[in-house]
Structure formats: C-alpha cells, structure tokens
Amino acid sequence: MKIIFPELGLIYNMQLFNLHTHTTFCDGKAEPEEYVHKAIKLGFHTLGFSSHAPVPFENSFSLKEERFDEYTETIRGLKESFKDRINIFLSLEIDFIPGITKDFEEFVRIGNLDYIIGGVHLVRNLGKQDLWFIDGSKQQTYDDGLIKLFNGNIREGVETYYHQIQEMVVTQKPDIIAHLDKIKMHNNDRYFNEEEKWYKNIVWKTLKIIAENNSIVEVNTRGLYKNRSNTTFPGPDILEQVHHLNIPITLSSDAHKPEELDGYYKETLPLLRNIGFKQLQYFSKEGWKNQRI
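Residues numbered from 1 in each chain as written. Predicted model: local features only at pLDDT ≥ 70, side-chain atom pairs only at ≥ 80, totals over all residues. Heavy atoms only, no water.

Visitor: Would you explain unusual backbone geometry in this entry?
Guide: For the peptide bond that leads from Phe233 to Pro234, omega is -5°, which places it in the cis range. Position of Pro234 among the secondary structure elements: in the loop between helix H7 (222–225) and helix H8 (236–244). Despite not being glycine, Asn246 has its phi angle at roughly 60°, a positive value. Tracing the sequence through the fold places Asn246 in the loop between H8 and strand E11 (249–252). Although it is not a glycine, Asp254 sits at a positive phi angle of roughly 55°. On the secondary structure map, Asp254 appears in the loop between E11 and helix H9 (265–275). (Helix = DSSP H or I, 4+ residues; strand = E, 2+ residues; numbered from the N terminus.)

Here it is as structure tokens:
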C-alpha cells in the first residue's frame, strides 16, 4: 500500500496488518480462510483472528463454548497452511464484565493464545440485573439501556464504562485495548459533549492507567467505514493524549467481512503521522514489534 503525506512530500510503501478480525465463528460474515486470501491480496504481512470470547449468557455475537476448540484448531491450521505467505495469529477479543466474565488468563491458557484484545461492550451497573449494551447497530438499544440501567444519567453511565475499562486494564492486563471511546458511538452529541470537563477527566484518568500498565491502544477504523462515527475509536483528541503519554498504538479495522480488512487505513495513517506517531505495534513470531508509519 502506498501512503502519501503531501504536507511532508513523502511517500511510504507499507506492508500492513490487521490484528482484530471476526469470522463466522462469532458475528463475522465469512469463513476464516476467505480473510486469509484477501489479506494476502492486500499485501498484508500479518493477520490476527480475534473472535469474541464466549460469555456466560445467550447472545448473538460471541463464540460458542462448544466451538472453542474448533476455532483454535482452525486458526492454527491456517497458520501452518499459509506460513510461507502470511503470518497468522490466534487471539480473542475478550469482554470484561465485573463479576460475570472469566479471567482473561483462563482463555489464554486453554486456547494457547498469541495475544489478547480486551474490550467493554456491556456495562454493568452493580445491583442491577441487566447490562447496558453500548455497541451494535441499533441506537434505540443504547437509549433504552441508559434509561433502564442508569435512569437516563449519562454521566453515571459513561463514567461506569470507563471505570470498567480501568478495572480491566489493571486486573486482566490485555495486550490491546479495543475501541477505547466506543461509548460515544450512539451518543452523537445527544447526551454528552466530549469537550465537557468531566468527560475529559475520566478519559485522562483511564489513559494514565493504560500507560502505567503497558497496554497498547487500538486505533479502530470500523466506525468510519460503517458510517457510525465521524472519527476513529479513539478520536483525534484522545489520540493526542495517547501520544503525549507515549502509549503505543496499533491499527485495526475490526473487520467483520474480508473486504473490510483495510477499511479506512489510507485515510487514518496520515492522521496518525500528523499527530506525531512514528510507529505502530504488531504481533510477530518474536513477539511485539514496531512498524514505521
């Protein structure tokens, strides 16, 4: 992929990667091998598969417990079959819900995972039975959950979301933090403004904890190519703080279809360069490495 930075007069030829990929093993729309062929066609050097980890309740998005072994064996089989053409790695995007989900280390142990992505999609208000689902395609689900779980108090709901991320970072030590500010997706400036002092404060506290625990912040492009956000997750203002704190970043499209593997990469790379980032982190056979941008 050729990336041009006109303001600097530079052209970079980059081989890219994606570490956040969903297939038919969870809520993705294609078989794993289809992603491999597409990634090779795009010139990717690395592809990581990261099905949503099983959760202990009925849902339509996560890997089923009974298919866990099939999933890990399938990805390892692809890793071996395509080892001379692309590096393939096995991961999970693991939800953290206090008091409900398993420790991340248990998934690492039973799946022999290469790396882990931690994320919050379901916010728990302790003392209440249901969970606030802040993701998905339906804005009404977000609105209904806010009313039911937090009596419409957006500040309480948002701060609970970030506190849940903070607890995940400290207790579970994920390699990558998925779509950090996804809480904004269905907000659309209706309930809160990202410039409000309380919001900036809770984000800053969360970033400080991430920095102290050596996690990688994912720059997730899915909201852009799905037309659900005007910015990446996290957005430019937060990425400025990430850069200030010297937190490492990685780039992913959170692909649910093979054609989404490089979604909005060419638009996002100049943004990251302009903020001041010089490199992305990716996983390799030798562990985590840096790639210049």
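Visitor: How should I be thinking about the confidence of the model for the protein in this particular structure?
Guide: Caution applies to low-pLDDT parts of the model: their predicted coordinates are not meant to be read in detail. Summing up the model confidence of the protein, the mean pLDDT is 95 and the portion of residues at 70 or higher is 95%. Across residues 2–13, where pLDDT falls below 50, the model places 25 contacts with residues more than four positions away in sequence or in other chains. (pLDDT = per-residue confidence, 0-100. Contact = heavy atoms within 4.5 Å.)

Visitor: Would you take a moment to explain the packing of helix H5 (residues 154–172) against helix H6 (residues 197–212) for this structure?
Guide: When two helices pack together, you describe them by how their axes are tilted relative to each other and by the distance separating the axes. At a minimum axis distance of 9 Å, the contact between H5 and H6 shows a crossing angle of 5°. Comparing the axis directions of H5 and H6 gives the class roughly parallel. In this structure, H5 uses Ile154, Arg155, Val158, Glu159, Tyr162, His163, Ile165, Gln166, Val169 and Val170 to contact H6, whose residues at the interface are Trp198, Tyr199, Ile202, Val203, Lys205, Thr206, Ile209 and Ile210. By residue class, the composition of the contact of H5 with H6 is 12 nonpolar, three polar and three charged. (Axes fitted to C-alpha atoms, helices over the stretch in contact; angles between N-to-C directions. Parallel < 35°, antiparallel > 145°, perpendicular 65-115°, else oblique. Nonpolar A, V, L, I, M, F, W, Y, C, P; charged D, E, K, R; others polar.)

Visitor: How should I be thinking about the environment of Met185 in this particular structure?
Guide: Take Met185: it is sitting in the loop between strand E9 (176–177) and H6. Met185 sits in the buried class, given a relative accessible area of 4%. Spatially, the C-alpha atoms of Met185 and Gly223 are 7.6 Å apart, while their sequence positions differ by 38 residues. Filtering out sequence-adjacent residues up to four positions away, Met185 remains in contact with Ile134, Asp135, Gly136, Arg228 and Phe233. (Buried < 20%, exposed > 50% of the residue type's maximum accessible area, 1.4 Å probe, protein only.)

Visitor: Help me understand the pairing of E11, please; the structure alone is not making it clear to me.
Guide: The side chains of a regular strand alternate between the sheet's two faces. Going residue by residue along E11, you find Ile249 and Leu251 tucked away on one face and Thr250 and Ser252 tucked away on the opposite face as well. Bridge count between strand E10 (residues 216–220) and E11: four bridges; the pairing is parallel. Across the sheet, residue Asn220 finds its bridge partner in E11, namely Ser252. (Pairing = 2+ DSSP bridges.)

Visitor: Hey, could you run me through the nonpolar core in this one?
Guide: Soluble globular proteins tend to bury their nonpolar side chains together. Formed by 81 residues in total, the largest nonpolar core has its most connected members in Trp132, Tyr162 and Ile183. Excluding anything up to four places from it in sequence, Ile183 contacts Trp132, Ile134, Tyr142, Val158, Tyr161, Tyr162, Phe192 and Tyr199. (Core = buried A, V, L, I, M, F, W, Y, C linked by side-chain atoms within 4.5 Å.)

Visitor: Mind showing me how you'd approach the packing of H8 against H9 here?
Guide: Their axes nearest at 10 Å, the elements H8 and H9 cross at an angle of 50°. Classified by the interaxial angle, the pair formed by H8 and H9 is oblique. Handedness of the H8/H9 crossing: right-handed. Of the residues in H9, those touching H8 at Pro236, Leu239, Glu240 and His243 are Leu271, Leu272 and Ile275. (Left-handed = near helix turned anticlockwise from the far one by under 90°.)

Visitor: Help me understand the pattern of salt bridges in this model?
Guide: Once their charged atoms are close, side chains differing in charge can pair, the charge on each being opposite to the other. Evaluation of the coordinates by the stated rule reveals 13 salt bridges. A salt bridge links Asp130 to Lys148; the nearest nitrogen and oxygen atoms lie 2.5 Å apart. Of this pair, Asp130 sits in the loop between strand E7 (122–124) and strand E8 (131–133) while Lys148 sits in helix H4 (residues 139–150), placing them 18 residues apart in sequence. Given the relative accessible area of 32%, Asp130 is considered partly exposed. Here Glu260 makes a salt bridge to Arg222, at a shortest N to O gap of 2.9 Å. One end of the pair, Glu260, is in the loop between E11 and H9; the other, Arg222, is in helix H7, with 38 residues separating them in the sequence. (Salt bridge = Lys/Arg side-chain N within 4 Å of Asp/Glu carboxyl O.)

Visitor: What should I look at first to understand the sheet that holds E10 in this one?
Guide: Sheet strands pair by backbone hydrogen bonding; their relative direction is either parallel or antiparallel. The strand order E3-E4-E5-E6-E9-E10-E11 describes an open sheet built from seven strands, whose pairing is parallel. Each edge of the open sheet carries a strand with a single partner, namely strand E3 (17–18) and E11. On top of the sheet, H9 reaches E3, E10 and E11; it is set at about 160° to E11, its chief contact.

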